[in-house]
Amino acid sequence: EDKVVQSPLSLVVHEGDTVTLNCSYEVTNFRSLLWYKQEKKAPTFLFMLTSSGIEKKSGRLSSILDKKELFSILNITATQTGDSAIYLCAVEGGGADGLTFGKGTHLIIQP
Amino acid sequence: DTEVTQTPKHLVMGMTNKKSLKCEQHMGHRAMYWYKQKAKKPPELMFVYSYEKLSINESVPSRFSPECPNSSLLNLHLHALQPEDSALYLCASSQPNTEYSNQPQHFGDGTRLSIL
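Below: a short report on this structure. (Residues numbered from 1 in each chain as written. Chains lettered and ligands numbered in written order. Predicted model: local features only at pLDDT ≥ 70, side-chain atom pairs only at ≥ 80, totals over all residues. Heavy atoms only, no water.)

1. Description of the overall build of chain A
Point 1. What chain A contains, in helices and strands, is zero helices and eleven strands.
Point 2. Reading chain A from its N end, one meets helices and strands in the order β-β-β-β-β-β-β-β-β-β-β.
Point 3. Principal-axis analysis of the C-alpha atoms gives chain A an extent of 45 × 30 × 20 Å.
Point 4. Looking at chain A as a whole, 43% of its 111 residues are labelled buried.
Point 5. Put simply, 54% of the contacts in chain A that link residues at least 6 apart link residues at least 24 apart. (Helix = DSSP H or I, 4+ residues; strand = E, 2+ residues; numbered from the N terminus. Buried < 20%, exposed > 50% of the residue type's maximum accessible area, 1.4 Å probe, protein only. Contact = heavy atoms within 4.5 Å.)

Here it is as structure tokens:
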């Protein structure tokens with residue numbers, strides 16, 4: 001059974017701080033790892049990672065995958081209150097198209 | 001708003017009612033998914049359709065019945081639900097994965113379902 005573990009489960013920081021969110025996984029026939037941001041409604045796609053060591057960046061957010069150690073990190077620099085959300089890590093593998101999600105990191109950015 | 005549209009946004013129904021959740025996308029995606037998300041929990045996969053054929057059914061009770069009438073539409077028919085079925089039901093779509101290509105899933109805003 002595929003397994004995704006995220007840490008920390010919750011995090012409170014001040015605006016302007018940098019945060020690092022962690023995701024470790026066990027999956028049969030790994031295909032990809034994805035990061036999503038969820039506020040009130042739909043999970044919003046952030047990154048899809050398939051290859052080790054290649055950093056993906058989008059503005060203040062970046063992510064990297066280590067397929068040897070089976071983990072990924074999501075970095076957010078110069079955090080803003082609008083970054084407050086639940087950040088979900090998900091993996092896809094085993095020949096299926098469905099995602100297995102971790103429990104998420106609840107990030108709160110205080111002004 | 002997302003490119004995956006779900007209706008209704010909210011639904012309250014009794015345990016003897018029959019209702020349907022609808023999902024529509026016009027991104028040309030050929031894979032569509034239903035997930036169930038309970039409060040403070042991550043989404044859990046229920047069904048996967050690929051090229052309008054059901055490819056994964058994650059041991060979901062038969063009171064949930066999916067239907068994919070065409071490549072843009074996905075329905076979830078509900079009958080005789082239980083109070084524990086109250087949750088946010090999320091639809092997602094993507095291009096099907098191939099040996100050479102992985103595609104991310106894009107989610108709708110969900111239908112918040114309450115069973116009385």
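Don't stop here, the text continues.
2. With respect to the sheet that holds strand β8 (residues 73–79) of chain B
Strand pairing within a sheet occurs via backbone hydrogen bonds; the two strands may be parallel or antiparallel.
All names here are of chain B.
Point 1. Spatially, four strands are ordered β1-β3-β8-β7 in an open sheet, and the strand pairing comes out antiparallel. The two strands at the open ends of the sheet, each matched to only one other strand, are β1 (4–7) and β7 (64–70). Strand-to-strand twist in this sheet, taken as the mean axis angle between neighbours without regard to direction, amounts to 20°.
Point 2. Here strand β3 (residues 18–25) pairs with β8 via seven bridges, running antiparallel. (Pairing = 2+ DSSP bridges. Axes fitted to C-alpha atoms, helices over the stretch in contact; angles between N-to-C directions.)

3. Regarding unusual backbone geometry
Note on backbone geometry: most residues besides glycine have negative phi, and most peptide bonds are trans.
Point 1. Cis geometry is found at the peptide bond from serine 7 of chain A to proline 8 of chain A, where omega equals -10°.
Point 2. Here proline 8 of chain A shows up in the loop between β1 (3–7) and β2 (10–14).
Point 3. With an omega dihedral of -10°, the bond running from threonine 7 of chain B to proline 8 of chain B counts as a cis peptide bond.
Point 4. With a phi angle near 60°, leucine 70 of chain A is a residue other than glycine that sits in the positive phi range.
Point 5. You can see leucine 70 of chain A is positioned in the loop between β7 (61–66) and β8 (71–76).
Point 6. Residue classification places leucine 70 of chain A among the partly exposed residues on the basis of a relative accessible area of 34%.

4. Observations regarding the sheet that holds β1 of chain A
Residues and elements named next belong to chain A.
Point 1. Spatially, β1-β3-β8-β7-β6 is the arrangement adopted by the five strands of the open sheet, whose pairing is antiparallel. Both edges of this open sheet fall to β1 and β6 (56–58), since each of them pairs with a single strand only. The sheet shows a mean angle of 15° between the axes of neighbouring strands, taken without regard to direction.

5. Re the interface of chain A and chain B
Point 1. The interface is formed by 21 residues belonging to chain A together with 26 residues belonging to chain B.
Point 2. Together chain A and chain B conceal approximately 1,700 Å² of surface at their shared face, both sides included; 57% is due to carbon and sulfur atoms.
Point 3. Between chain A and chain B we count zero salt bridges in total.
Point 4. Between chain A and chain B we count three residue pairs in polar contact (both at pLDDT 80 or more) in total.
Point 5. Mapped by element, the contributors of at least two residues to the side of chain A that touches chain B are β4 (30–38), β5 (43–49) and β9 (85–93) of chain A.
Point 6. If you tally residues by element for the side of chain A that touches chain B, the top one is β4 of chain A, at five residues. (Buried area = accessible area lost by both parts, 1.4 Å probe. Salt bridge = Lys/Arg side-chain N within 4 Å of Asp/Glu carboxyl O. Polar contact = N/O pair within 3.5 Å; in protein donor to acceptor, adjacent residues only side chain to side chain.)

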